[in-house]
Amino acid sequence: MTVTNDIKFVGVNDHELDLFEGEYIIPNGIAYNSYVILDEKIAVTDSVDGNFGEEWLSNIEKATGGKAPDYLVVHHMEPDHSRNIVTFMDRYPNAKMVSSAKAFVMLTQFYDVDYADRKVEVKEGDVLELGRHSLRFIGAPMVHWPEVLVSYDECDKVLFSADAFGKFGAHDCDEDWACEARRYYFGIVGKYGVQVQALLKKASALDIQIICPLHGPVLSENLGYYLDLYNTWSSYGVESEGINIAYTSVYGNTKKAVELLAEILREKGCTKVAVNDLAREDMAECVEDAFRYGKLILATTTYNNEIFPYMHTFLNKLVERNIQNKTIGLVENGSWAPAAAKKMKAMLENSKVNFTDTVVTIKSALKDDSKAALEALADEILKA
């Protein structure tokens, strides 16, 4: 793949991995992106997962016409991007590694090497001169690791964005960018909205024509669309108007209540009601929907005087990712001592969210009083 006349894509596709970071289902695989900048000095940016070292090195050799690279620029030390650093440095003994001070500490931790005489330590504001091209480094700590740098090629106006603007899915699959980028963002980067906002502020001062992330496609058209989405996600804004209902159900009664509530909301004019069964759907998809919409309804059973486990896991993930700027309604079910609403509210007590006054309590199965409470909850959350 040609990014520009002088910048070539040399990354790889992975269709073997089933769970990214041991957690995220990736039915369409994942891409590990790496790029070569051809100039008086040749720079390769980042490496790839350990299973693809020879394929990656072959891609580099083809892109360079057999010339030895001068630099390996490492923006991020997570193993899916750093596993082949040693392989590269062994293959090209005159090459130097360029990265942040914290990255070199991690290099020793991961791979027990330090390249003391072959390392170029850089920080924000430093520039690596290659000839016509120069890479200006920009600090991006905690997007989403502390050592992260991004870099800007001032010649071709390319931002090498590390894990920012990444998505799940290999390059040979045809799918909507936003869906898998959203799931990737809120699953992996979502906790660090403040840090992403800081990076976006720095990026706004640059004339960016192309974004080269470490996962997903090179972005070269309609960049405002991608930047706007990242701004919305990282500021915990509302991307789509609508209501998300996330629920668990043991014997089907809470599910019936959720189905009725969704029907009531639609009848009252809500055009988008996204319903997620937390026990059966991809948890990362459920988290994605919780952040996508401005209003969230949580419905679950009391279980061992606690919250049903899948709901507990879900709420932990929302809290870990700093859920905020949401209006939340609560529905609980319990046959003798309903406590789920109180427990859910307690889990979210330090989050910047608003709760509806109406709390729906179901005693085992829906009755006229709980149906009326669902109507009241629908009215209140629609007006919020």
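Residues numbered from 1 in each chain as written. Predicted model: local features only at pLDDT ≥ 70, side-chain atom pairs only at ≥ 80, totals over all residues. Heavy atoms only, no water.

A. Inspection of the sheet that holds strand β10 (residues 119-121) at higher detail. One open sheet holds the 6 strands; their spatial order is β1-β6-β7-β8-β9-β10, and the pairing between them is mixed. The outermost strands of the open sheet, each flanked by one partner alone, are β1 (7-9) and β10. Across the sheet, the axes of successive neighbouring strands diverge by a mean angle of 20°, strand direction being ignored. Relative to β10, strand β9 (residues 96-99) runs parallel, the two being bridged by 3 bridges. Bridged to Val98 within β10 is Val120. With respect to the sheet, helix α1 (residues 53-64) is in contact with β1, β6 (35-37), β7 (43-45) and β8 (71-73), its orientation differing from that of β6 by roughly 25°. (Pairing = 2+ DSSP bridges. Helix = DSSP H or I, 4+ residues; strand = E, 2+ residues; numbered from the N terminus. Axes fitted to C-alpha atoms, helices over the stretch in contact; angles between N-to-C directions. Contact = heavy atoms within 4.5 Å.)

B. Structural detail: the side chain of Glu332. Relative to the helices and strands, Glu332 is located in strand β20 (residues 324-333). The side chain of Glu332 is buried and forms no salt bridge, while Lys363, the nearest opposite charge, is found at 8.2 Å. Engagement of the side chain of Glu332 in a polar contact is seen with the backbone nitrogen of Ala341, the distance being 2.9 Å. Apart from residues lying up to four places away in sequence, Glu332 is in contact with Thr300, Pro338, Ala339, Ala340, Ala341, Lys342, Val360, Thr361 and Ile362. (Buried < 20%, exposed > 50% of the residue type's maximum accessible area, 1.4 Å probe, protein only. Lys, Arg positive; Asp, Glu negative; His and termini not counted. Salt bridge = Lys/Arg side-chain N within 4 Å of Asp/Glu carboxyl O. Polar contact = N/O pair within 3.5 Å; in protein donor to acceptor, adjacent residues only side chain to side chain.)

C. Broad picture of the packing of aromatic side chains. Counting across every chain of the model gives 24 aromatic pairs. When the centroid spacing of 5.7 Å and the interplanar angle of 70° are considered together, the rings of Phe9 and Tyr35 count as edge-to-face. You can see Phe9 sitting in strand β1 and its partner Tyr35 sitting in strand β6, a full 26 residues away along the chain. The class of Phe9 is buried, set by a relative accessible area of 13%. Take Tyr35: its relative accessible area is 1%, and that puts it in the buried class. Pairwise contacts between aromatic rings join Phe165, Trp177, Tyr185, Phe186, Tyr225, Tyr226, Tyr230, Trp233, Tyr236 and Phe291 into one cluster. When the ring centre of Phe104 is taken as origin, the NZ or CZ atom of Lys119, which lies over that ring, is 5.2 Å away. (Phe/Tyr/Trp six-rings, centres within 6.5 Å; stacked < 30°, edge-to-face > 60°. Lys NZ or Arg CZ within 6 Å of the ring centre and 35° of its normal.)

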